[in-house]
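Spelled out, the chains give:
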Amino acid sequence: MLCHANFTSGKESESGMAKRAYRLPFAVISITTDRRVPLYRQLYSEFRSAILTGRLKAGNNLPPTRELANELGISRSTVMIAYDQLLSEGYIEGRVGSGTCVTSTLPEEMLESRPIAVPAPRTNSTRNALSKRGQSLVSALPPGRAHRGQLNLLPFRIASPDLASFPFEIWTRLLAKYSRNPSPDLFGYAHAAGHPRLRAAIAAYLRSARAVKCEADQVIVVPGAQVALELATQMLLDPGDTVLMEDPGYFGVRGVFIRAGARIAPVPVDREGIRLEVVKGNRDHARMVYVTPSHQFPLGVTLPLARRLELLDWAQAVGAWIIEDDCDGEYRYAGRPIASLQGLDSENRVIYTGTFSKVLFPSLRIGYLVVPPDLVDAFIAGRIMIDLQPATIPQAALADFIEDGHFTRHLRRMRKLYGSRQSILLEAAKSELSGLLEIQDSQAGMHLIGWLPTDVNDMDAARAASKNNVLALPLSVFSLKPMTRGALVLGYTAFNDREIRAGVRRLKTALTEVEQAKVH
Ligand SMILES: Cc1ncc(COP(=O)(O)O)c(C=O)c1O
């Protein structure tokens, strides 16, 4: 046996954490009493690393479990679990408890050539490693959106509902109710278009609240509106087809069109939404137009009836599809809710998409499409090819949540809360930001647009805001063609009155800095 020499040190660090080690001829196996990483895992990683870096070679014995446990002052079962793991992954052979050694079936040079340090990130060659489509997708995402960890919920992050107001007790009870019942229809593969009761509840809600003309079997439940847009595009657009898109517009859908290989033709938006003369003047035989008629994203304007009818006529005349993204149409703080465009369509040209991300919470990942009856079967087939089906338990819980009246109650409360938060932002901006930012009045949505003076670049303003702990997205990240005037997009729904007022004061500091930089 090669590995019998040993050495133990149990020195306590200032944090109370002890480091212990077992010395082998060419490797030291050490562990700490830091319980954030389980002891068996530390031991496993130490041996694995010693094997992969060639410090322990093929045929070298591992110390007997009892001896190692005694020397490190840990239980023998911890050592056995670590050895078992190494055994099952093929690093060692033999039998745990009666002698194990480093596996001899892997050639030595293969092991020695495996450094296990984290590889250095690719630098300028990263882009070349991607497909052209991959490169375009990366470019379609606004800077800073490719987050990997926790999001920073700073004022004025957009599209964020107030999580503290969500009735989590009710929600948890409903989830628990279905999680306790391991029936095949809840835990097995289920209907690709979604839970039947949820489809019926969504259809009923859309008919009464959004004037959508639909039956339950036209509703297809998907993991969020983003997937709804993806499915509609995959089913209706071919590579090279032209799609008309509001400019500025939702960058997520831009990515969807890029993935489909479509040609995106930007259509400017004015005070009444997408400009119809540009849509009608398009000579590229557009097969699709993407619109957010209830509340244009991100400018917040509403498409009036005359333009809606014109758009429907155009689509029917040229045989184009209309994608109606109604992602926050529920939030209207004055007057009556605006009815959907789909409800005016008598030719089955509109695919309607919606989501629970804004009315409940984004991580729920439940959205839906309403598809013309003749397309339902094809869309369900296409949907199966993308992700089979939505998760069933949250759907069953959501069906109850809607049927029992919690959904409408929550929506009513949020409309009131967000309406008042919008007023606070308007009032604070009026008193603090005069001359620096001109907030565009709005009676709907989850964010406001603040127009900057014409000589201020919105990227510079957003950078200055970020340095002052304010998250203000520049409007230019949503636009395909350069904008004539920059603006900031300010979400208010997730922040209480104090946070909104403090955010406005910090924004004032940031924008004043930008003004001063102009002078110097
Ligand atoms: C206009 C618009 N459409 C669609 C989506 C996607 O929503 P979901 O979270 O349901 O995928 C968003 C997300 O913010 C959005 O702003």
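Parameters at a glance
Residues numbered from 1 in each chain as written. Predicted model: local features only at pLDDT ≥ 70, side-chain atom pairs only at ≥ 80, totals over all residues. Heavy atoms only, no water. Near = heavy atom within 4 Å. Polar contact = N/O pair within 3.5 Å; in protein donor to acceptor, adjacent residues only side chain to side chain. Areas by Shrake-Rupley, 256 points an atom, 1.4 Å probe, with all protein chains shown as cover. Nonpolar A, V, L, I, M, F, W, Y, C, P; charged D, E, K, R; others polar. Buried < 20%, exposed > 50% of the residue type's maximum accessible area, 1.4 Å probe, protein only. Helix = DSSP H or I, 4+ residues; strand = E, 2+ residues; numbered from the N terminus. Pairing = 2+ DSSP bridges. Right-handed = clockwise from strand over helix to strand, strands pointing away. Contact = heavy atoms within 4.5 Å. Axes fitted to C-alpha atoms, helices over the stretch in contact; angles between N-to-C directions. Patch = residues over 30% accessible without salt bridge, like charges linked within 9 Å, V, L, I, M, F, W, Y side chains within 5 Å. Salt bridge = Lys/Arg side-chain N within 4 Å of Asp/Glu carboxyl O. Expected span 1.5 Å × (residues − 1). pLDDT = per-residue confidence, 0-100. Phe/Tyr/Trp six-rings, centres within 6.5 Å; stacked < 30°, edge-to-face > 60°. Parallel < 35°, antiparallel > 145°, perpendicular 65-115°, else oblique. Left-handed = near helix turned anticlockwise from the far one by under 90°.

J.: I'd like a description of the site of the ligand, backed by residues and values.
T.: Taken together, Ala159, Gly224, Ala225, Gln226, Tyr250, Phe297, Asp325, Cys327, Thr355, Ser357, Lys358 and Arg365 make up all the residues around the ligand. For the ligand, an oxygen atom lies 2.7 Å from a polar atom in the backbone of Ala225. Here Lys358 contributes a side-chain N or O atom positioned 2.9 Å from an oxygen atom of the ligand. In isolation the ligand offers 400 Å² of accessible surface; the protein chains occlude 90% of this area. Looking at side-chain class alone, the shell around the ligand contains five nonpolar, four polar and three charged residues.

J.: Quick rundown of the pairing of strand β10 (residues 288–291)? Include the residues and the values.
T.: Residues of β10 alternate between two faces, with Met288 and Tyr290 on one and Val289 and Val291 on the opposite face, all of them buried. Where β10 meets strand β11 (residues 321–325), four bridges bridge the pair, whose relative direction is parallel. Each bridged residue has a counterpart across the sheet, and for Tyr290 the counterpart in β11 is Ile323. With respect to chirality, the unit in which β10 leads through helix α13 (residues 305–318) into the neighbouring parallel β11 is right-handed.

J.: Describe the sheet that holds strand β12 (residues 350–355), and please don't skip the residues or the numbers.
T.: The strand order across the open sheet formed by eight strands is β6-β13-β12-β11-β10-β7-β8-β9, and the pairing between neighbours is mixed. With partners counted over all chains shown, the strands left at the sheet margins are β6 (219–222) and β9 (273–274), one partner each. Relative to β10, strand β7 (residues 242–247) is paired through three bridges, and the arrangement is parallel. Within the sheet, the bridge partner assigned to Met245 lies in β10 and is Tyr290. In the packing of helix α11 (residues 251–259) onto the sheet, contacts are made with β7, β8 (263–270) and β10, and the angle to β7 comes to roughly 165°.

J.: An account of the sheet that holds strand β14 (residues 438–439) is needed here, citing residue identities and associated values.
T.: Read across the open sheet, the four strands follow the order β14-β15-β17-β16; overall the sheet is antiparallel. For this open sheet the edge positions go to β14 and β16 (473–474), each flanked by a neighbour on one side alone. In this sheet, strand β17 (residues 487–491) lies alongside β16 in antiparallel orientation, the contact comprising two bridges. Paired with Pro474 across the two strands is Leu488, which belongs to β17. Packing of helix α16 (residues 406–432) onto the sheet brings it into contact with β14, β15 (447–451) and β17, and relative to β15 it is tilted by some 15°.

J.: Describe in detail a nonpolar patch on the surface, supporting the description with residues and values.
T.: A cluster of nonpolar side chains, Tyr189, Ile384 and Leu388, forms an exposed patch at the surface whose accessible area comes to about 350 Å². The class for Tyr189 is exposed, based on a relative accessible area of 72%.

J.: Outline helix α15 (residues 392–403), supporting the account with residue identities and numerical values.
T.: Its 12 residues place the ends of α15 17 Å apart at the C-alpha level, agreeing with the 16 Å of an ideal helix rising 1.5 Å per residue. Counted residue by residue, α15 has 10 buried out of 12 residues, so it is predominantly covered. The set of residues buried in α15 consists of Thr392, Ile393, Gln395, Ala396, Ala397, Leu398, Ala399, Asp400, Phe401 and Ile402. Elements that come into contact with the buried residues of α15 comprise α7 (168–179), α8 (184–187), α9 (196–210), β6 and α16.

J.: Mind laying out the environment of Phe407, listing which residues take part and the relevant values?
T.: Note that Phe407 resides in helix α16. Among all residues touching Phe407, those that are not within four sequence positions of it are Tyr205, Phe356, Val359, Leu360, Phe401 and Ile402.

J.: Let's hear about the confidence of the model for the protein: which residues, and what values?
T.: In the predicted model, the protein carries a mean pLDDT of 90, and the fraction of residues at 70 or more is 91%. Across residues 1–11, confidence stays below pLDDT 50; counting only partners more than four residues off in sequence or on other chains, it has 35 contacts.

J.: Could you give an account of the packing of aromatic side chains, naming the residues involved and the relevant values?
T.: One pass over the full model with this rule turns up 18 aromatic pairs. Look at Phe166 and Trp171: their rings are 6.2 Å apart centre to centre, the planes differ by 70°, and that puts the pair in the edge-to-face class. Relative accessible area serves as the criterion here: at 4%, Phe166 is assigned to the buried category. Judged by relative accessible area, which is 5%, Trp171 ranks as buried. Taken together, a centroid distance of 5.1 Å and an interplanar angle of 65° make the contact between Tyr331 and Tyr418 edge-to-face. Within this pair, whereas Tyr331 is found in the loop between β11 and β12, its partner Tyr418 is found in helix α16, the two being separated by 87 residues in sequence. For the pair formed by Tyr331 and Tyr418, the shared burial category is buried.

J.: Would you mind going over the packing of α16 against helix α18 (residues 497–519) in detail, with residue names and values included?
T.: Where α16 contacts α18, the axes come no closer than 9 Å and their chain directions differ by 30°. As far as their axial angle goes, α18 and α16 are roughly parallel. The two elements α16 and α18 cross, and the hand of that crossing is right-handed. Listed contacts from α18 to Arg421, Ile424, Leu425, Glu427, Ala428, Ala429 and Glu432 of α16 are Asp497, Ile500, Arg501, Val504, Arg505 and Lys508. The class makeup of the residues in the contact of α16 with α18 is six nonpolar, no polar and seven charged.

J.: So what about the environment of Ala211? Which residues, and what values?
T.: Structurally, Ala211 can be placed in the loop between α9 and β6. Since its relative accessible area comes to 35%, Ala211 is described here as partly exposed. Sequence-wise, Ala211 and Ile338 are 127 residues apart; in three dimensions their C-alpha atoms are separated by 8.8 Å. Dropping the residues within four chain positions of it, Ala211 is found in contact with Leu206, Ala339, Ser340 and Gly343.

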